[in-house]
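Listed below are the residues making up each chain.
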Amino acid sequence: MASHKDTKIDCSKVYVKSSSFATADNPFDGAFAAVPIKEGELIEKGLMRRLPDGFDGNTCPYIFTWSNERPNRVWGMGSGCSPFYNTAKEGEANTRMVRNFDQDSFEIYAVRDIEADEELLHTYISLTWRACFKELNDIVNSSEEKKI
């Protein structure tokens with residue numbers, strides 16, 4: 001089904017299921033390519049809803065850092081499948097997110113050809129400094145080649 005030409009949210013090339021990195025002791029979901037996607041192709045676009053002032057995203061891994069300011073004080077909740085993209089070490093992700101802070105929107109692009117049913121990963125911009133990602137950062141950026 002084609003998206004409406006005026007839609008602000010389109011995640012029609014993506015579906016969500018149990019992550020390929022999940023375990024019986026640590027179940028979680030991931031975003032996957034529903035179709036083959038070419039390098040440079042738009043995978044998903046959507047909107048970001050800003051959370052109320054005072055919300056501390058350092059303790060909640062399910063929301064997005066929504067500014068380039070450090071320390072960050074702006075947090076957002078993403079539309080579509082965006083909350084289900086897991087992370088990878090810098091340079092190893094198969095997608096990249098373009099954040100349009102002024103318009104509270106985002107676009108996710110393929111950084112290489114992606115096969116149908118391949119898990120979609122991008123590098124979280126706050127992976128190295130958010131308290132809620134400390135353990136995850138240690139895993140992702142360890143000498144082992146693990147991704148979550």
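Above this note sits the structure.
Residues numbered from 1 in each chain as written. Predicted model: local features only at pLDDT ≥ 70, side-chain atom pairs only at ≥ 80, totals over all residues. Heavy atoms only, no water.

**Observations regarding the packing of aromatic side chains**
Moving on, step 1. Inspection of every chain in the model, using the stated rule, returns 3 aromatic pairs.
Moving on, step 2. On the basis of an interplanar angle of 80° and a centroid distance of 4.9 Å, the ring pair of Trp66 and Phe101 is categorised as edge-to-face. With Trp66 in the loop between strand 4 (64–65) and strand 5 (75–78) and Phe101 in the loop between strand 6 (95–100) and strand 7 (105–110), the pair connects residues that are 35 residues apart, well separated along the chain.
Moving on, step 3. Of the residues examined, Trp66 reaches a relative accessible area of 1% and is grouped as buried.
Moving on, step 4. Each ring, one from Tyr124 and one from Phe133, has its centre 5.1 Å from the other, and the planes form 35°; the classification is tilted.
Moving on, step 5. Residue placement shows Lys17 over the ring face of Phe32; its charged tip is 4.8 Å from the ring centre. (Phe/Tyr/Trp six-rings, centres within 6.5 Å; stacked < 30°, edge-to-face > 60°. Helix = DSSP H or I, 4+ residues; strand = E, 2+ residues; numbered from the N terminus. Buried < 20%, exposed > 50% of the residue type's maximum accessible area, 1.4 Å probe, protein only. Lys NZ or Arg CZ within 6 Å of the ring centre and 35° of its normal.)

**Describing the side chain of Ser67**
Moving on, step 1. The topology assignment puts Ser67 in the loop between strand 4 and strand 5.
Moving on, step 2. Excluding residues that lie within four positions of it along the chain, Ser67 makes contacts with Asn72, Val74, Phe101 and Ile125. (Contact = heavy atoms within 4.5 Å.)

**What about the pattern of salt bridges?**
Moving on, step 1. Under the definition given, this model contains 6 salt bridges.
Moving on, step 2. In this structure, Arg73 and Glu69 form a salt bridge, with 3.5 Å as the shortest nitrogen-oxygen distance.
Moving on, step 3. Given a relative accessible area of 54%, Arg73 falls into the exposed group.
Moving on, step 4. As a salt-bridge pair, Lys134 and Asp138 come within 3.0 Å of each other at their nearest N and O atoms. Placement of the pair is Lys134 and Asp138 together in helix 1 (residues 134–140), with a separation of 4 residues, close to one helical turn.
Moving on, step 5. Residue classification places Asp138 among the partly exposed positions, given a relative accessible area of 43%. (Salt bridge = Lys/Arg side-chain N within 4 Å of Asp/Glu carboxyl O.)

**Describing the side chain of Ser79**
Moving on, step 1. Tracing the backbone through its elements, the reader meets Ser79 in the loop between strand 5 and strand 6.
Moving on, step 2. Take Ser79: its relative accessible area is 15%, and that puts it in the buried class.
Moving on, step 3. Of note is the side chain of Ser79, whose polar atom sits 2.9 Å from the backbone nitrogen of Leu47.
Moving on, step 4. Beyond its immediate stretch of four places on either side in the chain, Ser79 contacts Ile9, Glu44, Gly46, Leu47 and Phe106. (Polar contact = N/O pair within 3.5 Å; in protein donor to acceptor, adjacent residues only side chain to side chain.)

**Topic: the sheet that holds strand 4**
Moving on, step 1. Taken in spatial order, the 5 strands of this open sheet run 4-5-3-7-6, and their pairing is antiparallel. Pairing within the sheet leaves two strands with one partner each, and these edge strands are strand 4 and strand 6.
Moving on, step 2. Inspection of the sheet shows strand 4 paired to strand 5 by 2 bridges, in the antiparallel sense. Among the inter-strand pairings, Thr65 is bridged to a residue of strand 5, identified as Trp75. (Pairing = 2+ DSSP bridges.)

That's the geometry; what it means functionally is another story.
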